[in-house]
Each structure stands twice: as structure tokens, then as C-alpha cells.
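Report on the structure
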Amino acid sequence: MLLEWQTLWKNGDTGRKIYNIMSSVSLRPTNWIREDVISQHGPFPAYLKRFHLSDSNYCSCGGIRTALHYATECIFTLSWHMRKPVPNFEQEWLKRVANNLVFRHKIRRIVKFISENRDIFRPP
């Protein structure tokens, strides 16, 4: 069963950003919560717009509202910023963030702040 699951995960079409961080399946829990892994899922309007749950991709600061935008450049989340990855090393950066407890706590705080202050992030 594990071998079949691993094969499906390896050859699948979805979840490739997460696959690049966690390429092996396991029955052991990771002790990560959803917010710990930067993906495009979550309370991010760039993701929600795909499902017509948000009117705009843009943050009131002018950037495109993705997880990476909030974690590295949005003026409203400055307290939790991390250094923006070089484009060629984005996947390696995501792995390091996912495996670093301090960074995972920052991600949790960003997501919580966004969820509690949605009006701040809406474009004018």
C-alpha cells in the first residue's frame, strides 16, 4: 500500500510544490500544520480568486497577494519577513523554511494576521 501511495505521489500532477519539499510518503505524522508549508493554498487572494472567492489578486500595497508576497515583501507583514529567495533556488528555500521551526512559526503568525485583518489587505 505504501509503495502504491509513493508511486501515485511521485507521478501525480497535483501538489508538486509540496512534493518538492516532502517527496516521500510516510505513515508517521510530520507534526506540521497547514500553515507551516508555504504553498499557494490558504487565505491568499491569488489562490481564492481562482475559485471566485476573491475579486482581486492585488494587495492594497500593490503586490500580487501570494504566500511568498506576504512572507517576503508585503509592507503589512514586515514584522515577519524572511529573505526573498533567488528564483533559481526557490524550491530549496521552501524546503529550508518548511524544516525550520522558527520560520514555520513566522508563517503561522502571518497567516493568522492575514485571517484576522482581511480588510487591511484588500485593494482600494
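Higher on the page you've got the structure.
Below is a summary of the structure that appears in this document. Note that this is a predicted model, so its numbers are computed, not measured.

Right, let's get into the overall build of the chain. Tallying secondary structure elements over the chain gives seven helices and zero strands in all. Starting at the N terminus, the α and β elements of the chain follow one another as α-α-α-α-α-α-α. Scored against the burial criterion, the 124 residues of the chain give a buried share of 35%. The contacts of the chain with a sequence gap of at least 6 include a subset with a gap of at least 24, amounting to 44%. On the chain, roughly 8,500 Å² of surface is accessible, and the fraction owed to carbon and sulfur atoms is 55%.

Let us look at the packing of aromatic side chains. To describe a pair of aromatic rings, you give the distance between the ring centres and the angle between the ring planes. All told, the structure shown has one aromatic pair when counted by the stated rule. With 5.1 Å between their ring centres and 50° between their planes, tryptophan 80 and phenylalanine 113 make a pair best called tilted. Remark: phenylalanine 113 occurs in helix α6 (residues 101–116) and tryptophan 80 occurs in the loop between α4 (67–72) and α5 (90–98); sequence separation between them is 33 residues. By relative accessible area, phenylalanine 113 is classed as partly exposed at 22%.

Between its first and last C-alpha atoms α6 spans 22 Å; for 16 residues at 1.5 Å apiece the expected length is 22 Å, and the two agree. Taken as a whole, α6 has its buried residues at Arg104, Lys106, Ile107, Ile110, Val111 and Ile114. Projected down its long axis, α6 carries its buried residues within an arc of 155°, all on one side. Seen from the open side of α6, the exposed residues pointing more than 90 degrees away from its buried face are Val102, Lys112 and Glu116. Sitting at the amino-terminal end of α6 is asparagine 100, which places a side-chain oxygen 2.9 Å from the backbone nitrogen of valine 102.

Considering all chains together, one arrives at three salt bridges under this definition. Glutamate 92 is the partner of arginine 96 in a salt bridge, and the nearest nitrogen-oxygen pair spans 3.7 Å. Placement of both arginine 96 and glutamate 92 in helix α5 is noted, with a separation of four residues, approximately one turn of the helix. A salt bridge links lysine 112 to glutamate 116, with the shortest nitrogen-to-oxygen separation between them at 3.9 Å. Residue lysine 112 and its partner glutamate 116 are both found in helix α6; the two are separated by four residues, about one turn of the helix.

Rules of the game
Residues numbered from 1 in each chain as written. Predicted model: local features only at pLDDT ≥ 70, side-chain atom pairs only at ≥ 80, totals over all residues. Heavy atoms only, no water. Helix = DSSP H or I, 4+ residues; strand = E, 2+ residues; numbered from the N terminus. Buried < 20%, exposed > 50% of the residue type's maximum accessible area, 1.4 Å probe, protein only. Contact = heavy atoms within 4.5 Å. Areas by Shrake-Rupley, 256 points an atom, 1.4 Å probe, with all protein chains shown as cover. Phe/Tyr/Trp six-rings, centres within 6.5 Å; stacked < 30°, edge-to-face > 60°. Expected span 1.5 Å × (residues − 1). Arc of directions from axis to C-beta. Polar contact = N/O pair within 3.5 Å; in protein donor to acceptor, adjacent residues only side chain to side chain. Salt bridge = Lys/Arg side-chain N within 4 Å of Asp/Glu carboxyl O.

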